[in-house]
Amino acid sequence: MSNSDSSAGPSVSLLAGQLEYLFEEHPELRHAPVAQLVARLNEEDRWARAIARYPNRSDAEVHGHLAEFHDRIGAVEVEQARQQVLARTDPPA
């Protein structure tokens, strides 16, 4: 296992940025279950780390390496990030 795989996951601030972009592309996810967002963000994170470790490989080859990378993003961080995004983007009630 490399240092990049064992490092801490993305900060809440970085996750908020990712969620803001995701919610712009898929507004239906704004109020999706946290577990669904965690799964999606962890998959994207594993892909990004696999592409960084195996550059110039096909998607199929990179996909074959995804299991080498563990999940680094948890529900607490995702919920905090979502609250930050919603506070910035939802109109006041």
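Predicted, not measured: the structure shown is a model, and the values here were computed from it.

Peer 1: When you look at the environment of Glu20 in this model, what are you seeing that I'm missing?
Peer 2: Assignment of secondary structure puts Glu20 in helix H2 (residues 12-25). Owing to a relative accessible area of 24%, Glu20 belongs among the partly exposed residues under this scheme. Sequence spacing of Glu20 and Ala81 is 61 residues, and the spatial spacing of their C-alpha atoms is 9.1 Å. In this structure Glu20 touches Val85, Arg88 and Thr89, once residues within four positions along its chain are discounted.

Peer 1: Explain the nonpolar core to me, please; I cannot follow it from the model alone.
Peer 2: Across soluble globular proteins, you tend to see nonpolar side chains buried next to one another. Of all hydrophobic cores here, the largest spans 16 residues; its most connected members are Leu19, Phe23, Leu29, Leu37, Leu41, Val78 and Ala81. With six residues, the top contributor of residues to this core is H2. The contacts of Phe23, once residues within four sequence positions are left out, are Leu29, Arg30, Leu37, Arg82 and Val85. Grouped together as the second largest cluster of nonpolar side chains are five residues, Ala50, Tyr54, Leu66 and Phe69 included.

Peer 1: Can you help me understand helix H3 (residues 34-53) in this one?
Peer 2: Every α-helix winds through 3.6 residues per turn, so residues three or four apart in the chain are directed the same way. Over its 20 residues, H3 extends 28 Å from the first C-alpha to the last, a length consistent with the 28 Å expected when each residue adds 1.5 Å. Taken together, the buried positions of H3 are Val34, Leu37, Val38, Leu41, Asn42, Asp45, Arg46, Arg49 and Ala50.

Peer 1: So what exactly am I meant to see when it comes to the side chain of Arg30 here?
Peer 2: Residue placement: Arg30 occurs in the loop between H2 and H3. When its relative accessible area of 16% is taken as the criterion, Arg30 is described as buried. Polar contacts involving the side chain of Arg30 include one to the side chain of Thr89, which spans 2.8 Å.

Peer 1: I would appreciate a short explanation of the environment of Asp45 in the present structure.
Peer 2: Its place among the elements puts Asp45 in helix H3. Given the relative accessible area of 10%, Asp45 is considered buried. Linking Asp45 and Ser11, residues 34 residues apart in sequence, is a C-alpha distance of 12 Å. For Asp45, the contacting residues outside a window of four places in its chain are Pro10, Arg72 and Ile73. A distance of 2.7 Å separates a polar atom in the side chain of Asp45 from a polar atom in the side chain of Arg72.

Peer 1: Teacher, can you tell me more about helix H5 (residues 75-89) here?
Peer 2: Between its first and last C-alpha, H5 extends 21 Å over 15 residues, near the 21 Å set by a 1.5 Å rise per residue. Every buried residue belonging to H5 is among Val78, Ala81, Arg82, Val85 and Leu86, and all of these are buried. One side of H5 carries all its buried residues, which in axial view fall inside an arc of 135 degrees. Pointing more than 90 degrees away from the buried face of H5 are the exposed residues Val76 and Ala87. In the core, the buried residues of H5 are packed alongside H2 and H3.

Conventions used here
Position numbers for residues start from 1 in each chain and track the written sequence from start to end. Reporting of local features is limited, given that this is a predicted model, to residues whose pLDDT is at least 70; pairs of side-chain atoms are given and counted only at 80 or more, and all residues count toward the totals for whole chains, interfaces and linings. Based on all heavy atoms of the structure, the side-chain values leave hydrogens and waters out of the count. Each helix is a run of DSSP H or I of at least 4 residues and each strand a run of E of at least 2, with the numbering of both proceeding from the N terminus. Buried, partly exposed and exposed residues are distinguished by accessible area as a fraction of the type maximum, computed with a 1.4 Å probe on protein chains only: under 20%, between the cut-offs, and over 50%, respectively. Whether two residues touch is decided by their heavy atoms; if any such pair falls within 4.5 Å, the residues are in contact. Note on terminology: a nonpolar core comprises buried Ala, Val, Leu, Ile, Met, Phe, Trp, Tyr and Cys residues joined through side-chain atoms within 4.5 Å. A helix is expected to reach a length of 1.5 Å times the quantity of its residues less one. Here a polar contact means two N or O atoms within 3.5 Å. Within protein one must be a hydrogen donor candidate and the other an acceptor candidate, and residues neighboring in sequence count only if both atoms are side-chain atoms. The directions considered for the arc run from the helix axis to the C-beta atoms.

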